[in-house]
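# Observations on the three-dimensional arrangement
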Amino acid sequence: MSDLLAQLNPQQVAAVTLPPQHALILAGAGSGKTRVLTTRIAWLISTGQASPHAVLAVTFTNKAAKEMLTRLSAMLPLQFGAARGLWVGTFHGLCNRMLRLHHREAALPAAFPILDMADQLSAIKRLLKNLGVDDEKFPPRELAYFINAHKEQGIRAAQAEGYDDYTQRRIELYAEYEAQCQREGVADFAELLLRCYELLSRNEPLRRHYQARFCHILVDEFQDTNALQYRWLKLLAGVDVPAPGASLFAVGDDDQSIYAFRGAEVGNMRAFEREFRVENVIRLEQNYRSFGNILDAANALIQHNQARLGKNLWTDAGAGEPIRVFAGFSDLDEAHYVVDEARALIREGTPPRQIALLYRSNAQSRVLEHQLFTAGVPYRVHGGLRFFDRQEVKHALAYLRLIVNPDDDTAFVRVVNFPARGIGSRSFEALQGAAHRANSSLYNAAAGLPGKAGVAVGNFIRLIEALRAETQGVSLPEVIEHLIERSGLRAHYLGEKEGRERLENLDELVSAATRFLQEEDDTLVNPAEGDALSAFLAHASLEAGEHQAGEGQDAVQLMTVHAAKGLEFDAVFITGLEQGLFPHENSELERDGLEEERRLMYVAITRARQRLYLTHAQTRLLHGQTRYCLPSRFIEELPEALLQPVGHAAAPATYGNPYASGASAGRQESAGGAERAAPEAPGGFRIGQNVHHAKFGAGVIVSAEGHGADARVQVNFGKQGMKWLALAYAKLTAV
Ligand SMILES: Nc1ncnc2c1ncn2[C@@H]1O[C@H](COP(=O)(O)OP(=O)(O)OP(=O)(O)O)[C@@H](O)[C@H]1O
Ligand SMILES: [Mg+2]
């Protein structure tokens, strides 16, 4: 046990060994919050103060939960069964687990499927169609947002209020959607939390059971909990209904609150202190992650925010290297530089997985990916299209879902005619009509369907029945393998031109199931909690794209800044640091928005251990348009002494005034209109400059990359089209 504490500083030890009371650890990035939380669990268990059974720990991602379990297994002596019995997971994961255990009390079928975002959208589209509602007037995406936002506030349709006709109508649709989900026995993400919350608040014996069981509730990244999550914690910790023993240990950093756009409330930290009468607020100020320059930059940046609880970080690691700033002519040029540097780092011995390329929006990854691919550098994109979101994988999962729950209309619609089995839209409409009239699921309505439609749909039903019968008592990976054959998916993709990769993904699904069973076995879930099949389906819906096929390979990591929260890397590149991109243009109008972007930048900077690169480009092709960009104001907010410009000197690295005044840039302008930014192209040319070429005639420079002998410019020659020209060869003259 003393081993556990030996490596911690006095404040950390104090936090780990606090008596069981509500406590808040308020501390900056890299100060060891997550480490303290994990160590506290190990300490509670190994000193006999708590059994693993009595611990509930909430992490922000599934990946973090797994890491925590792995660490705990290493910290705890074997007699504690390698952390068995512990409940560690995300809010969604834990609620899902509770709902499955008590599905009857929660009015859900035993194997209720979880609708992910895409499923939810298609369920809403189906609803609107059935009700004959114009989806131009009520766009499904907006409706989904409306519904989820209400659920996240804990508001059911019956309690929702609307003061105008349009909102009233949306509330009615919300109610219809609730009814449809209930009929089909499915739950969307937000429903998991709300349903679990309602279950606990309604069912007193159950609530008392869990309140008595979980004496220790520990929450990481507390600053990002939303209103309903906070209420859920309050229920479990028995704050409204006093329950002896339950103590909540929350760790967080107000400066890293980055989910306000999804309803997270930093205010929960203050509410927590007040409502739980927290007497122990511990601050950790020593940072163990980053070198001084990186930390100074983070501290300087965040000081521009007004709304802070206030704290500072220091390190005794020394200043380290300066922060490198690179200005690219174009996004391509930026990507070139980033990939070249990453390769150099790898050559010098940095493991690829210790290099992270971060960006503000997913769309920015494409050009980086392209460069990495061309250079033959292994890379992994996190949070892109999740493995479980790929078309072929979703098809296979839909068959699985129908085996488990035939009333799952979303799954039914997805595969009733995939692979094609002659069920045309007319047959399908007849079926939908019948289901609507009988108020039943599509599957049930299929039996009574007459004519040709009846035959075709009947065959499909028989296929599902057969699959169900044939997979009784068969292991999960074998079930999947069998259905891939039997459903015709394999044959279908074999015949498709680009089907090979899809088949590989289907095979990977079988492996994923095998791995899933192993992991379940290794960690925590006890088999009584439901059959493997529905547990796997839940896993597929909840898994937030944190792992991908080929996970074992050492690769450079690409992700959004949001996805990087809580992680650390030896070298970090923050790319696309341009006004309008980061800070994002939507945020510029309000102070709160800008402050949230700044916290996001703070998160990004503090991911780096040894080396930090800030990169931006003067032009960027995004969503099909060339943008002329100014460097992000966040670069200017950093002390110049910490920065070192790198790369081509030709780029005017003026981290000066234009953006300090809050000017919004990154606008889409015509080439000729980009007067203020006037980014420079190599060879004395400017972007936006009129030029003449002997063969193509008059043109305008729209983009540039490379330098010296490699410098190239892209010129719009009007009718002659766009051309990339090497300046060393093309005889361009300025006009
Ligand atoms: N006392 C210590 N001695 C040595 N290393 C430490 C100590 N405390 C924490 N660390 C290391 O510092 C790094 C950051 O710790 P950790 O991830 O727990 O910080 P955090 O506060 O959770 O950061 P974030 O806010 O980014 O989530 C980790 O590599 C951790 O192992
Ligand atoms: Mg952490």
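Residues numbered from 1 in each chain as written. Chains lettered and ligands numbered in written order. Predicted model: local features only at pLDDT ≥ 70, side-chain atom pairs only at ≥ 80, totals over all residues. Heavy atoms only, no water.

### Concerning the sheet that holds strand β7 (residues 247-252)
Judged by pairing direction, the sheet is parallel, and its 6 strands sit side by side in the order β3-β2-β6-β7-β1-β8 without closing on themselves. Both outer strands of the open sheet, β3 (87-89) and β8 (280-284), are each paired with one neighbouring strand and no more. Averaged over all neighbouring strand pairs, the angle between strand axes comes to 10 degrees, with direction disregarded. Pairing of strand β1 (residues 23-27) with β7 involves 4 bridges; the strand directions are parallel. (Pairing = 2+ DSSP bridges. Helix = DSSP H or I, 4+ residues; strand = E, 2+ residues; numbered from the N terminus. Axes fitted to C-alpha atoms, helices over the stretch in contact; angles between N-to-C directions.)

### Some thoughts on the pattern of salt bridges
Where charged atoms of side chains with opposite charge meet at close range, the side chains can pair. Here the structure, examined in full by the defined rule, presents 37 salt bridges. Notably, a salt bridge pairs Arg156 with Glu198, separated by 2.8 Å at the nearest N-O pair. Residue Arg156 is located in the loop between α7 (140-152) and α8 (165-184), and its partner Glu198 is located in helix α9 (residues 189-202); the two are separated by 42 residues in the primary sequence. We classify Arg156 as buried; its relative accessible area is 13%. Measuring nitrogen to oxygen at the nearest pair gives 2.8 Å for the salt bridge that ties Arg401 to Asp408. In terms of burial, Arg401 and Asp408 fall into one category: buried. (Salt bridge = Lys/Arg side-chain N within 4 Å of Asp/Glu carboxyl O. Buried < 20%, exposed > 50% of the residue type's maximum accessible area, 1.4 Å probe, protein only.)

### A few points about α8
Since the α-helix turns once every 3.6 residues, residues separated by three or four places project in the same direction. Over its 20 residues, α8 runs 29 Å from end to end, which matches the ideal 28 Å to within 8%, given 1.5 Å per residue. Against β4 (114-115), α6 (117-131), α7, β5 (187-188) and α17 (409-415) lie the buried residues of α8. Where α8 begins, one side-chain oxygen reaches toward the backbone nitrogen of Tyr166, 3.1 Å away; that side chain belongs to Asp164. Directly after α8, the chain includes Gly185, whose backbone phi takes a positive value near 70 degrees. (Expected span 1.5 Å × (residues − 1). Contact = heavy atoms within 4.5 Å. Polar contact = N/O pair within 3.5 Å; in protein donor to acceptor, adjacent residues only side chain to side chain.)

### Digging into the site of ligand 1
The full set close to ligand 1 counts 19 residues, and Gln12, Lys33, Gln256, Glu568 and Arg607 are the nearest of them. Gly32 is positioned such that a nitrogen or oxygen atom in its backbone is 3.1 Å from an oxygen atom of ligand 1. A distance of 2.8 Å separates an oxygen atom of ligand 1 from a polar atom in the side chain of Gln256. If ligand 1 stood free it would expose 640 Å²; the protein chains cover 83% of that surface. If one sorts the elements of the shell around ligand 1 by residue count, helix α3 (residues 33-46) sits on top with 3 residues. Each residue belonging to the shell around ligand 1 can be placed in one class, and the counts come to 3 nonpolar, 10 polar and 6 charged. (Near = heavy atom within 4 Å. Areas by Shrake-Rupley, 256 points an atom, 1.4 Å probe, with all protein chains shown as cover. Nonpolar A, V, L, I, M, F, W, Y, C, P; charged D, E, K, R; others polar.)

### Examining unusual backbone geometry
When glycine is set aside, most residues are seen to have a negative phi, and most peptide bonds are trans. Going from Phe418 to Pro419, the amide bond is cis rather than trans, its omega being -5 degrees. Mapped onto the fold, Pro419 is located in the loop between α17 and α18 (425-438). For the bond running from Phe582 to Pro583, omega is 10 degrees, close enough to zero to count as cis. Mapped onto the elements of the fold, Pro583 is located in the loop between β13 (569-574) and α25 (591-605). Residues other than glycine seldom take positive phi values, yet Arg277 does so here, at roughly 45 degrees. Within the fold, Arg277 resides in the loop between α12 (267-275) and β8. For Asn439, which is not glycine, the phi torsion reads 50 degrees and is therefore positive. In this fold, Asn439 is placed in the loop between α18 and α19 (442-445).

### Points about the UniProt feature "binding site: ATP" (unreviewed entry) in the protein chain
In the numbering used here, UniProt assigns the feature "binding site: ATP" (unreviewed entry) to Ala27, Gly28, Ala29, Gly30, Ser31, Gly32, Lys33 and Thr34. For Ala27, the location among the structural elements is in strand β1. The exposure class of Ala27 is buried, given its relative accessible area of 0%. For Gly30, the position within the fold is in the loop between β1 and α3. On the basis of relative accessibility, which here comes to 13%, the residue Gly30 falls in the buried class. Those residues within four positions of Gly30 in sequence are excluded, and the remaining contacts are Gln286, Asn287, Tyr288 and Arg289. (UniProt positions renumbered as here; feature names shortened; annotations may be inferred.)

### Re empty space enclosed by the protein
Per the counting criterion, the structure on display carries 3 cavities of 30 Å³ or more. Each pocket or cavity is described by its volume, and for the largest cavity that value is around 150 Å³. Lining the largest cavity are 16 residues; nearest its centre among them are Asp119, Lys394, Leu397, Arg401 and Ser541. Residue assignment for the lining of the largest cavity shows that the elements contributing at least two residues are α16 (391-404), α17 and α24 (532-542). In terms of residue class, the lining of the largest cavity is built from 8 nonpolar, 2 polar and 6 charged. (1 Å grid on protein atoms, 1.4 Å probe; cavity = no way out; pocket = protein on both sides within 12 Å on 5 of 7 lines; lining within 4 Å. Points joined across faces, edges and corners; volume = space filled by probe spheres on them.)

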